[in-house]
Amino acid sequence: MTTTRTTCPYCGVGCGVLATPQPDGSVAIAGDPDHPANFGRLCSKGSALGETLSLDGRLLHPEINGARATWDDALNLVAARFQATIAEHGPNSVAIYGSGQLLTEDYYVANKLMKGFIGSANIDTNSRLCMASSVAGHKRAFGSDTVPGNYEDLELADLIVLVGSNLGWCHPVLYQRIVAAKAARPDMRVVLIDPRRTVTADIADLHLPVQSDGDSALFVGLLAHLSRNGVTAPAFVTDHTSGAEAALLVAEDWPIARVATATGLSEHAITLFYDWFARTEKTVTVYSQGVNQSASGSDKVNAIINCHLLTGRIGRPGMGPFSVTGQPNAMGGREVGGLANMLAAHMDFTPEAIERVGRFWGSDNVAQNPGLKAVDLFAAMARGQIKAVWIMATNPVDSMPEADAVRAALAACPFVVVSDMSARTDTGVVAHVRLPAAGWGEKNGTVTNSERRISRQRPFLAAPGEARPDWWIVSQVAQRMGFDAAFAYTSPAEIFAEHTALSAFENDGARDFDLTGLLGADYDSLTPTQWPIRNKPAARMFGAGAFYTPDGKARFVPVLPPPPFAPAPGSFILNTGRVRDHWHTMTRTGKAARLSAHYAEPFVEIHPQDAEALNIRRATLVRLNNNHGTAIVRALVTDRQRRGHVFVPMHWTDQFASHGRVDALVTAKVDPVSAQPALKMALVHAEPVAVRLYGFFVAAHRPSLDTSDYWAIAEAPGGVRGELAWFEEPADWEAWLRSAFALPDTIRMLSALDTRSGRRSFAVMADGKLIAALYTSPDPVLVSRQWAVGLLTADKLDGSAVLAGRPGADMPDSGAIVCSCFSVGINTIAAAVTGQGCTTVEAVGACTKAGTNCGSCRAEIRGIIDAHRLAAAE
Ligand code: SF4
């Protein structure tokens, strides 16, 4: 069996993966011990990669208007429609919307086609939703989009400040590296700045539950505090920066008392944080979507960078501002120019750069100005200005703000092309042409992670059906549009070589993105390496105080914090984000049963007092709405959430839930500098849903659920599981079940009714195996989900036991899954704590295996241990 060295396709950590296809068709996955991002670690998502590779739901053939087509017909049609649209309405009437899922080679070709040959810069990407504010902040401060530090800095730091970053779930391997470093150096401190008390708080010595968008004020106040107390690096500031006076002038108006008002934090907590920051030279400030996804995201980034510039803590081991990206190749997209406001290879739309890139590409039709950024692009489509769009490897119908309006804009667009590996996406539904793209394990190329490290993604599976790599698809369309010579690529290695050459082209060191050292490199054997690489890779940038601004000095940016945000009475601030085990719109992680076991349904986290005030009970359904849309989600009542704030995960689509598309509720308000939307700050109303009956089912096959008023479905071992609700009770239960589960008339259905409670149960079996079981109740159904899921793989079932809905001695209930690597439930962990005396996470791991693989669940295990300790003490 051959093992392939590749890279995880999910988050921006960019972990190395060893993939080994097995004789039975499965693929064994392990962390690459030699990859400098993870040194062998993987998180729950990475560990389950082998379970996402089935062909179920794959788009295997090109389609035109829903009918199978040949590649020739589909490619000719795309080329012809783009050409005709450009001829009639000009180059700015067409657009490409790409993704941080694309490999650098795919991105490069798409960018070259749009900006270099179509002559429009209307190519933007879902990375606009992820880290555009970091790009803008970097460019304002450094003159270039450069991440100064690396992951090792997180282990060398004495203080790590995590801002708007749930590293424990969103970048779990980085989190584990910090956990290990902190265990080795107990004096290392971690501060978490986040409105929510996320699992990342488990490693925090100080959690600052800052008011949404209060982080600008917190860092502006820190700048003033540092200056007031003489914690500055005068020589560095004088010799290597500009603009400190102006930034400090604004900051002086932000004493701690004012910061406290703007942030909702106590003066004591703020002072403690400021003192730690002031006293600790080796400080890294890590920030991600909580900073970027804001209408003032760019200012937040610069407020953070200002503090590092004032103290000279940048570019040296264990210190610096550090943006961690959400997606596997957000950085690669930035490198090639995948954002509408960047030209290529980190060059902007200056006359010199346009002329240089035109010469390099052999084109006299290079776009002269930036194009439409994501929110503006779909708004222009709604107005009829964009008449043909090509969407690659992303799902804007779910992920864009005001997602219902985006769906309407796409539905009205005269020509929509979608390239995707998945046949079932909400965006694919509105496409005129669907093109089957190769997926992870089949693709061949490079990605760049958050520390500027370029790694190879290598194929270990043949592309199924007629699926093709994205670079090939784009090149074929480009050739059919008449640009044959410029797109005559036969391999990703050729594209990478051209990308490398462009980065080095007339680059005398004035541009940060420089791959000179990779010119002529053997693509196949490329090892993970950091850019810029002239003679040797640069582990850190700016340590010598040389920046990419015209005068070579870093720039302070005066930041005026936004006024405190006071929602109208009855409104909640909606925060959106990720859960531990799912990725984006679940087209891949949704295939793995064990990744769906942690959270199998969309939910809203709401504070207990807010829930009580609204008469929202635990596990009931909640309707969230505003002018843009509606979502119905399960109530998760928790004091992790601030009062007045709610949190809903971003992952659920129409493929997995009836009303789970939370971005339909997010206003398309953007940061004025970066144009990144404020995905963490919508305003919504919340109310309980008047449910007549709740339901829960397990079934061997996916049922049709449109006759329920609410549903959510997830993969389970041996079938599917789902949650249901009805506003009116179905008149004929047998008819409902036979229709939903497609049961033949001949099959017998068992049922039971508890007239006192109104609870019903139904079971359909054949030869002692379960086909479907449904439990309904006027209250949220109490049946153990894990026990019921276990019925799908059990033999010789007793129908009365299934109807009873209670675990018997033969099938104990492990409870809700906490450790998805080993499918260990909360009841099993609790039993280890109470029955076997386990008082540490390690002891629980030794008893149950929970938390012993990826470690992503260790904070939750600690929470269970603590809860039992508290209960025992009372
Ligand atoms: S942390 Fe997890 S999701 Fe992110 S790259 Fe590593 S294995 Fe993949």
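Above this text sits the structure in question.
Residues numbered from 1 in each chain as written. Predicted model: local features only at pLDDT ≥ 70, side-chain atom pairs only at ≥ 80, totals over all residues. Heavy atoms only, no water.

**A few points about the nonpolar core**
For step 1, the next point in the chain: By size, the foremost hydrophobic cluster in this structure holds 78 residues, and its most contacted members are Ile 160, Val 286, Leu 770, Tyr 775 and Val 802.
For step 2, the next point in the chain: The greatest single-element share of this core, amounting to five residues, is contributed by helix α7 (residues 172-184).
For step 3, the next point in the chain: Among residues more than four places away in sequence, those in contact with Ile 160 are Leu 154, Ile 178, Met 188, Arg 189, Val 190, Val 191, Val 284 and Val 286. (Core = buried A, V, L, I, M, F, W, Y, C linked by side-chain atoms within 4.5 Å. Buried < 20%, exposed > 50% of the residue type's maximum accessible area, 1.4 Å probe, protein only. Helix = DSSP H or I, 4+ residues; strand = E, 2+ residues; numbered from the N terminus. Contact = heavy atoms within 4.5 Å.)

**A closer look at the sheet that holds strand β19 (residues 529-530)**
For step 1, the next point in the chain: If you trace the three strands from one edge of the open sheet to the other, you get β17-β18-β19, paired in antiparallel fashion. Two strands bound the open sheet, and with one partner strand each, they are β17 (445-448) and β19.
For step 2, the next point in the chain: As defined by bridge partners, strand β18 (residues 453-457) adjoins β19 across two bridges and the pair is classed as antiparallel. Residue pairing for β19: Arg 453 is matched across the bridge by Gln 530. (Pairing = 2+ DSSP bridges.)

**Notes on unusual backbone geometry**
For step 1, the next point in the chain: Trp 531 connects to Pro 532 through a cis peptide bond whose omega is -5°.
For step 2, the next point in the chain: Mapped onto the elements of the fold, Pro 532 is located in the loop between β19 and β20 (554-555).
For step 3, the next point in the chain: Backbone geometry at Glu 402 places phi at a positive 50°, although glycine is not the residue there.
For step 4, the next point in the chain: Counting through the fold element by element, Glu 402 comes out in the loop between α18 (396-399) and α19 (403-412).
For step 5, the next point in the chain: The backbone phi angle of Ala 675 is positive, close to 65°, even though this residue is not glycine.
For step 6, the next point in the chain: When its relative accessible area of 12% is taken as the criterion, Ala 675 is described as buried.

**Some details on the packing of helix α27 (residues 841-848) against helix α28 (residues 858-873)**
For step 1, the next point in the chain: At a minimum axis distance of 9 Å, the contact between α27 and α28 shows a crossing angle of 100°. In terms of orientation, α27 and α28 fall into the roughly perpendicular class. Every residue of α28 that contacts α27 at Val 841, Glu 842 and Val 844 is listed here: Arg 858, Ile 861, Arg 862 and Ile 865.
For step 2, the next point in the chain: Across the contact of α27 with α28, the residue classes tally to four nonpolar, no polar and three charged. (Axes fitted to C-alpha atoms, helices over the stretch in contact; angles between N-to-C directions. Parallel < 35°, antiparallel > 145°, perpendicular 65-115°, else oblique. Nonpolar A, V, L, I, M, F, W, Y, C, P; charged D, E, K, R; others polar.)

**Some words on the packing of aromatic side chains**
For step 1, the next point in the chain: Counted according to the given criterion, the structure contains 29 aromatic pairs.
For step 2, the next point in the chain: Relative to Trp 736, the ring of Trp 726 has its centre 5.3 Å away and its plane inclined at 75°; by these criteria the two rings are edge-to-face. Placement of Trp 726 in strand β29 (residues 719-726) and of Trp 736 in helix α23 (residues 733-740) is noted, with a sequence separation of ten residues between them. Here Trp 726 and Trp 736 have matching classes, each one buried.
For step 3, the next point in the chain: Above the face of the Phe 487 ring, Lys 112 is positioned so that its terminal group lies 5.1 Å from the ring centre.
For step 4, the next point in the chain: Geometry around Tyr 523 places Arg 456 over its ring, the cationic atom sitting 4.0 Å from the centre. (Phe/Tyr/Trp six-rings, centres within 6.5 Å; stacked < 30°, edge-to-face > 60°. Lys NZ or Arg CZ within 6 Å of the ring centre and 35° of its normal.)

By themselves these figures say nothing about function.
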